[in-house]
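Here's the letter readout for the chains.
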Amino acid sequence: MITRRDFLNGAALTVAAGATLSPWDMLAMETSALSPKGLPKGYYPPALTGMRGSHKGSFEVAHALAWNGQKPKKYAPLEETYDLVIVGGGMSGLAAAYLYRQQAGANKKILILENHDDFGGHAKRNEFDVGGRMLLGVGGSVNLETISFTDTTERVLGEIGVDLERLDAAREPGYLLSNLDAKSGYFLNGEQYGQNKIVHGDWEDAWRGGAQCRELVGALGLPADQQQRLIALAEGEKDLLDDLSLTETMRYAESTPYDEFLRSRAGLDPATIMLFDPYHKIYMGFGPDCASTAESFLLGYPGMRSVGMTGKLGNSLWGMAKEYIRFPLFPDGNASIARMMVRNLIPGIAPGSSMEDVIDAPFDYSQLDRAGSPVRLRLNSTVVNVENADESVEVSYVQNGKAYKVSAKKSILACYNGLIPHLCPELPEAQKENLKYGVKIPLVMTNVLLRSGASVNASGPAQYHCPGSFYSVVTKAPPVNLGNYVQSGQGSEPLVLWMSHAPAPPRSGQENSRDLYRLGRHRLYRMPFAEYEEGVKKQLTAMFGANGFDAERDIAAITVNRWSHGYTYGYTQLFDPEWEEGQAPHELGRKPLGRISIANADAEGGASLQAAIEAAARAVRELG
Ligand SMILES: Cc1cc2nc3c(=O)[nH]c(=O)nc-3n(C[C@H](O)[C@H](O)[C@H](O)COP(=O)(O)OP(=O)(O)OC[C@H]3O[C@@H](n4cnc5c(N)ncnc54)[C@H](O)[C@@H]3O)c2cc1C
């Protein structure tokens, strides 16, 4: 039974890491003069199933701090001094270590403290073992947005061994998470649409009013008037904003929620509007009620052709551009980049040097935190205080229920903006407010290992938009063949399915996106693993049951990656002002404080690898 076994697997690791105590126990405990414990033999978190992401043991100490202002009363001072202590072992923290060594010298002593049981932050690897064969899934950060890469990002990736062209060539074309023009299926569930139904085709083209529009929309089985209105909207049968001037049209598109446009101008009803939930949820963490009409058009949803000549032109340009936009990716998403970075910082952890050999290189986690190594990465360690002293920075953290303090010449906070005011009480109040402005977007990415992909494959290509279902996008794990790694899932081979869920509720009144994200985050913490599992079983049965899917027989493992603090907050047209250059909250919030600098993707205001690396580069420069 998956629930039990996977849960126990997860629990076994937390016990091994010693992190099962409640924060209240932890904070009440006497501090110890002993050094922090090393990791037990065989410690290898990527292979854990059950609840991952914000897993048990990773968040309790930070919540006690943020919600109740609780910190340990005493800390054991460690006989360790560093040139730099980095808070957070995600992409930004790892990049900060890498760039600091380039700036200050490879002999500098660096400690990275990370509260999770694994490094990489959102760049999370999910690994499955199927009779000795390793299959990979993406637990968080998926692909490389090469079109918006900065010079520093390209340079750093190149230096650690990422060859973007070779990587792009390693993937199967037409994959939903790396091509804007991928063909896909729409799954309509019986509860919302009367019957379970799948319609495959070029939906991106259909929504832009292309050749398949009538056929695909027709096959959805919507009420006749809705079908006809939807086709008219996508094809641009008439200008729905013909009462507005060009300037008014632009203003309308930027200030009107997409659902309102669809309802009041296109005459669509709620079930039809729900068709446009999936990409809103996966990219923005909310539905079409919180995105502006212009933002929804940019997601590829219909209507551009129905808003005047400018819209028609925009629709055509978008159609041309999408063919050239590609997002290369690794079989485990950006986790491979984190692994390459860690291998570069701590060479003893894994053999090899290329992006091909990192995929199946054995990682020996006992090497992460070795005395004598210039770079040490300490897991299961939640930082609770960072403050400037006379000639140093004092960094305090809790690991295994014990509180420690280390001293460094400098520190970089590469955790997330919302927590920083709690870690650094000495920050000016106005800066704290700016850091707290954005709310990270809650998301869940679940990987499901199927013993056989037969019933899924019999239903058509495994990539789906699922309006009204718990998981709004479902697709196979990245079909990438790299090094020794060969994708699985053809015919009746084992198949890893990737399923994404956004927990933020729809608006019920005057809430803004940040309110909804907070509600979504609390929902995630309340939801036990069994509910996610139930959601998987129910949805996959509805999708593939007609082709023989049997949840009890076919599901071998489930890994739920719960990202309560997920994407960096994105300013929206509906809920945020247009900040003047340099005046946005993330820009004002990231000012260094004495010997402390602020990295992490939030500090650049972008949910991306390049934002994480740029933030690291700036923070390192600030240290001088
Ligand atoms: C589900 C998901 C999918 C994504 N997909 C993509 C994608 O496809 N492409 C892309 O470019 N970007 C993607 N992103 C954005 C992603 O956030 C960035 O690419 C990047 O990984 C952020 O790195 P970071 O180091 O700034 O933050 P994080 O990855 O969050 O790392 C920060 C680390 O600091 C740790 N930390 C926090 N507080 C403390 C503390 N007190 N003590 C110790 N450690 C602490 C955190 O636990 C975390 O491990 C995705 C994000 C999510 C959540």
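Thresholds applied
- The residue count restarts for each chain, going from 1 along the sequence in the order it is written.
- Side-chain atom pairs in this predicted model are given and counted only at pLDDT of 80 or more, local residue features only at pLDDT of at least 70, and totals for whole chains, interfaces and linings cover all residues.
- Working from all heavy atoms in the structure, the side-chain values ignore hydrogens and water.
- The numbering of helices and of strands both runs from the N terminus, where a helix is a DSSP run of H or I of at least 4 residues and a strand a run of E of at least 2.
- In this setup the radius of gyration rests on C-alpha atoms only. A globule is expected at 2.2 Å times the number of residues raised to 0.38.
- Three exposure classes are used, based on accessible area relative to the maximum for each residue type with a 1.4 Å probe and protein chains only: buried under 20%, partly exposed in between, and exposed over 50%.
- Here, residues are in contact when the closest pair of their heavy atoms is within 4.5 Å.
- The protein chains shown are the only cover counted for residues, whose accessible areas, like all others here, come from Shrake-Rupley with a 1.4 Å probe.
- Salt bridge criterion: a side-chain nitrogen from Lys or Arg within 4 Å of a carboxyl oxygen from Asp or Glu.
- Where helices are involved, their axes are fitted lines through C-alpha atoms of the stretch in contact, as for all axes, and angles between N-to-C directions lie from 0 to 180°.
- Orientation categories follow fixed angle ranges, with anything under 35 degrees roughly parallel, anything over 145 roughly antiparallel, 65 to 115 roughly perpendicular, and all other angles oblique.
- When residues are grouped by polarity, Ala, Val, Leu, Ile, Met, Phe, Trp, Tyr, Cys and Pro land in nonpolar, Asp, Glu, Lys and Arg in charged, and all others, Gly among them, in polar.
- If a single non-hydrogen atom of a residue is within 4 Å of a molecule or strand, that residue counts as near it.
- Any N or O atom pair separated by 3.5 Å or less is treated as a polar contact, with the protein-specific requirement of one donor-capable and one acceptor-capable atom, and with residues adjacent in sequence counted only for side-chain atom pairs.
- Buried Ala, Val, Leu, Ile, Met, Phe, Trp, Tyr and Cys residues form a nonpolar core when they are joined through side-chain atoms within 4.5 Å.
- Criterion used throughout: strands pair if DSSP finds at least two bridges between them.
- For a crossing to be left-handed, the near helix must be turned anticlockwise from the far one by less than a right angle; the clockwise case is right-handed.
- A 1.4 Å probe that fits but cannot get out identifies a cavity on a 1 Å grid over protein atoms alone, an open set with protein on both sides within 12 Å along at least five of seven lines counts as a pocket, and a residue lines either if it has an atom within 4 Å of a point.
- Grid points are joined across faces, edges and corners, and a volume is the space filled by probe spheres set on the points.

(A) Summary view of the overall build of the protein chain. Within the protein chain one finds 25 helices and 17 strands. Compactness check: the protein chain gives a C-alpha radius of gyration of 24 Å against a globular reference of 25 Å for 624 residues, within 12% of the reference. Judged by the C-alpha coordinates and their principal axes, the protein chain covers about 75 × 55 × 45 Å. In the protein chain, which comprises 624 residues, the proportion classed as buried is 60%. Long-range contacts, defined as pairs at least 24 residues apart, comprise 73% of the intrachain contacts of the protein chain with a sequence gap of at least 6. Accessible area of the protein chain: about 23,800 Å², with a carbon and sulfur share of 52%.

(B) Fine view of the pattern of salt bridges. A full pass over the atoms with the stated rule returns 33 salt bridges. The shortest N-O distance in the salt bridge between Arg-125 and Asp-332 comes to 2.9 Å. You can see Arg-125 sitting in strand E4 (residues 125-130) and its partner Asp-332 sitting in the loop between helix H16 (308-321) and helix H17 (335-345), a full 207 residues away along the chain. Asp-332 matches Arg-125 in its accessibility class, with the two residues each being buried. Through salt bridges with shared partners, a single ionic network connects Glu-80, Asp-369, Arg-376 and Arg-378.

(C) Representation of the packing of helix H4 (residues 91-104) against helix H5 (residues 151-160). Relative orientation of the contacting elements H4 and H5 amounts to 90°, with a least axis distance of 12 Å. Between H4 and H5, the crossing angle belongs to the class labelled roughly perpendicular. For the pair H4 and H5, the contacting residues are Tyr-98, Leu-99 and Gln-102 in the first and Arg-155, Val-156, Glu-159 and Ile-160 in the second. Its residues assigned to classes, the contact of H4 with H5 shows four nonpolar, one polar and two charged.

(D) Representation of the site of the ligand. Taken together, 34 residues sit near the ligand, with Glu-114, Asn-115, His-116, His-122 and Ala-601 positioned nearest. Separating an oxygen atom of the ligand from a backbone N or O atom of Ser-92 is a distance of 2.8 Å. A distance of 2.9 Å separates a nitrogen atom of the ligand from a polar backbone atom of Val-383. Contact with the protein chains removes 96% of the 980 Å² of surface that the ligand exposes when unbound. By residue class, the composition of the shell around the ligand is 16 nonpolar, 17 polar and one charged.

(E) Spatial organisation of the nonpolar core. Ranked by size, the top nonpolar core spans 162 residues in total, and within it Phe-119, Phe-261, Leu-275 and Ile-412 carry the most contacts. In terms of residue count, helix H25 (residues 609-623) provides more of this core than any other element does, 10 residues in total. Here Ile-412 is in contact with Leu-84, Val-85, Ile-86, Val-87, Ala-96, Ser-597, Ala-599, Ala-619, Val-620 and Leu-623, once residues within four sequence places are set aside. Within the second largest apolar cluster, 27 residues are counted, among which are Tyr-464, Leu-495, Leu-497 and Phe-544.

(F) Main features of the pairing of strand E11 (residues 402-413). As defined by bridge partners, strand E2 (residues 76-87) adjoins E11 across eight bridges and the pair is classed as parallel. Bridge pairing links Thr-81 to Ser-407 in E11. Note that strand E10 (residues 393-399) and E11 share seven bridges and pair antiparallel. Counterpart to Val-398 in the pairing with E11 is Ala-403. From the end of E10 to the start of E11, which pair antiparallel, there are two residues, and Asn-400 there has a positive phi angle of about 50°. Note: E11 against strand E17 (residues 596-598), three bridges, orientation parallel. Residue Leu-413 lies in a different strand from E17, and its bridge partner there is Ile-598.

(G) Looking closely at the packing of H5 against H17. Viewed as axis vectors pointing N to C, H5 and H17 meet at an angle of 65°, and their least axial separation amounts to 10 Å. The orientation of H5 with respect to H17, classified from their angle, is roughly perpendicular. Considering how the two elements wind past one another, H5 and H17 form a crossing that is left-handed. Here Val-156, Leu-157 and Ile-160 of H5 come into contact with H17, specifically with Ile-337, Met-340, Met-341 and Asn-344. For the contact of H5 with H17, the per-class residue count stands at six nonpolar, one polar and no charged.

(H) Region of interest: empty space enclosed by the protein. Under the defined criterion, the tally for this structure stands at five cavities of 30 Å³ or more. Considering only enclosed or pocket space, the largest cavity measures out at about 90 Å³ in volume. Around the largest cavity sit Leu-135, Leu-136, Lys-476, Ala-477, Pro-478, Pro-479, Tyr-485, Gln-487, Ser-488, Leu-495 and Val-496, which together line it. Across the lining of the largest cavity, the residue classes break down as eight nonpolar, two polar and one charged.

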